[in-house]
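# Residue-level structure breakdown
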Amino acid sequence: MILPGDPPVKIDLKRNARARRMTLRVSRLDGRVTLSVPKRLKEAEARAFAEEKAPWIRKQLAAQPDLQAPVIGGQLLYQGELYPVVAGKGRVAKLTDGQFETPGAAETAAKKLAALLKLLARDRLIAASDHYAAALGTDYSAIQLRDTRSRWGSCSSQGKLMYSWRLIMAPPDVLDYVAAHEVAHLREMNHSQAFWKLVDQICPGYEAPRAWLRENGNQLHAWQF
């Protein structure tokens, strides 16, 4: 469904057999607009509802951070700070002396920088997960990195931890909080009071980085690679 205007807005229409009313959502992560409606609702009614809510939709989209792409001569977000991106030598991007050095053609810079960020994220997340697992006297079976939109991490019943590699762009205490959160699930596969007590035990003051991620996580997804 397309909402007319300048610019037009694409709306994902989802029919839900359990829905009793229409629900409109604008993702804070990627600006995706979703309209959930009862299964048998006529599309004309859904369109009329979306057009009625057009001012609200555009207000939410205007609040989204501008999309950014790392380029040579620009900057890249890393551990909560912006680092210069400069031309480099060799075959892969490197982080040296407080700047990202990117070899090769300018159009390949983003891809090479993403590869480097994933390596840096894996090292940091493994270290953080090991630290918190040791603090709880437990262990995980594997770590996987993805570019997820709906969550920053997860823990399976088999003890597998999954993280978004974009966490390496967040302040260090934010990455640490997410690692502590998922490791705590190795002991408590829920969000009970007992679970949050474990998180507080191994990551005191977790409320601040948790709030940062809730308020600023969309900035990490604004970077296009």
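Residues numbered from 1 in each chain as written. Predicted model: local features only at pLDDT ≥ 70, side-chain atom pairs only at ≥ 80, totals over all residues. Heavy atoms only, no water.

Below, the discussion takes up the nonpolar core. Grouped together as the largest cluster of nonpolar side chains are 48 residues, with contacts concentrated most on F100, L117, Y132, L161, Y163, L167 and V183. For this core, the secondary structure elements donating two or more residues are β5 (75-78), β6 (81-87), α3 (109-136), β9 (142-146), β11 (160-164), α4 (172-184), α5 (193-202) and α6 (207-221). Broken down by element, the residue count for this core peaks at 10 residues, all from α3. For Y132, the residues in contact, after removing those within four places along its chain, are D176, A179, A180, V183, I202 and C203. If you look at the next biggest cluster of nonpolar residues, it comprises 14 residues, including L3, V9, L35 and V37. (Core = buried A, V, L, I, M, F, W, Y, C linked by side-chain atoms within 4.5 Å. Buried < 20%, exposed > 50% of the residue type's maximum accessible area, 1.4 Å probe, protein only. Helix = DSSP H or I, 4+ residues; strand = E, 2+ residues; numbered from the N terminus. Contact = heavy atoms within 4.5 Å.)

A volume near 180 Å³ is recorded for the second largest pocket. Among the residues forming the lining of the second largest pocket, the class breakdown is five nonpolar, five polar and three charged. (1 Å grid on protein atoms, 1.4 Å probe; cavity = no way out; pocket = protein on both sides within 12 Å on 5 of 7 lines; lining within 4 Å. Points joined across faces, edges and corners; volume = space filled by probe spheres on them. Nonpolar A, V, L, I, M, F, W, Y, C, P; charged D, E, K, R; others polar.)

Take the sheet that holds β5 next. The sheet built from four strands is open, its strands ordered β5-β6-β8-β7 with mixed pairing. The open sheet has two edge strands with one neighbour each: β5 and β7 (94-96). This sheet shows a mean twist of 40 degrees between the axes of neighbouring strands, independent of strand direction. Relative to strand β8 (residues 99-102), β6 runs parallel, the two being bridged by three bridges. Within β8, the position partnered with V86 by the bridge is E101. The strands touched by α3 within the sheet are β5, β6, β7 and β8, with β8 carrying the most contacts at an inclination of about 125 degrees. (Pairing = 2+ DSSP bridges. Axes fitted to C-alpha atoms, helices over the stretch in contact; angles between N-to-C directions.)

With that settled, consider the packing of α3 against α5. Here α3 crosses α5 at 110 degrees, and the two axes come no closer than 10 Å. Overall, the two elements α3 and α5 adopt an arrangement that is roughly perpendicular. Both α3 and α5 take part in a crossing whose hand is right-handed. On α5, the residues touching Y132, A135 and L136 of α3 are L198, Q201 and I202. (Parallel < 35°, antiparallel > 145°, perpendicular 65-115°, else oblique. Left-handed = near helix turned anticlockwise from the far one by under 90°.)

Of note, the bond from D6 into P7 is cis; its omega dihedral lies within 30 degrees of zero at 0 degrees. Note on placement: P7 falls in the loop between β1 (2-3) and β2 (9-16). Positive phi, normally seen in glycine, also occurs at Q79, with a value near 50 degrees. Take Q79: it is sitting in the loop between β5 and β6. We note that D97 has phi near 50 degrees; this positive angle belongs to a residue other than glycine. Note that D97 resides in the loop between β7 and β8.

Below, the discussion takes up the pairing of β6. Alignment of β5 against β6, held across four bridges, turns out to be antiparallel. When the bridges of β6 are listed, L77 appears paired with L82. Remark: two residues form the turn of the hairpin made by β5 and β6, two consecutive strands paired antiparallel; Q79 in that turn has positive phi of roughly 50 degrees.

So, about the environment of T138. Examined against the element boundaries, T138 turns out to sit in the loop between α3 and β9. Each C-alpha atom, one on T138 and one on I202, is 12 Å from the other, the two residues being 64 residues apart in sequence. Excluding anything up to four places from it in sequence, T138 contacts A133 and L186.

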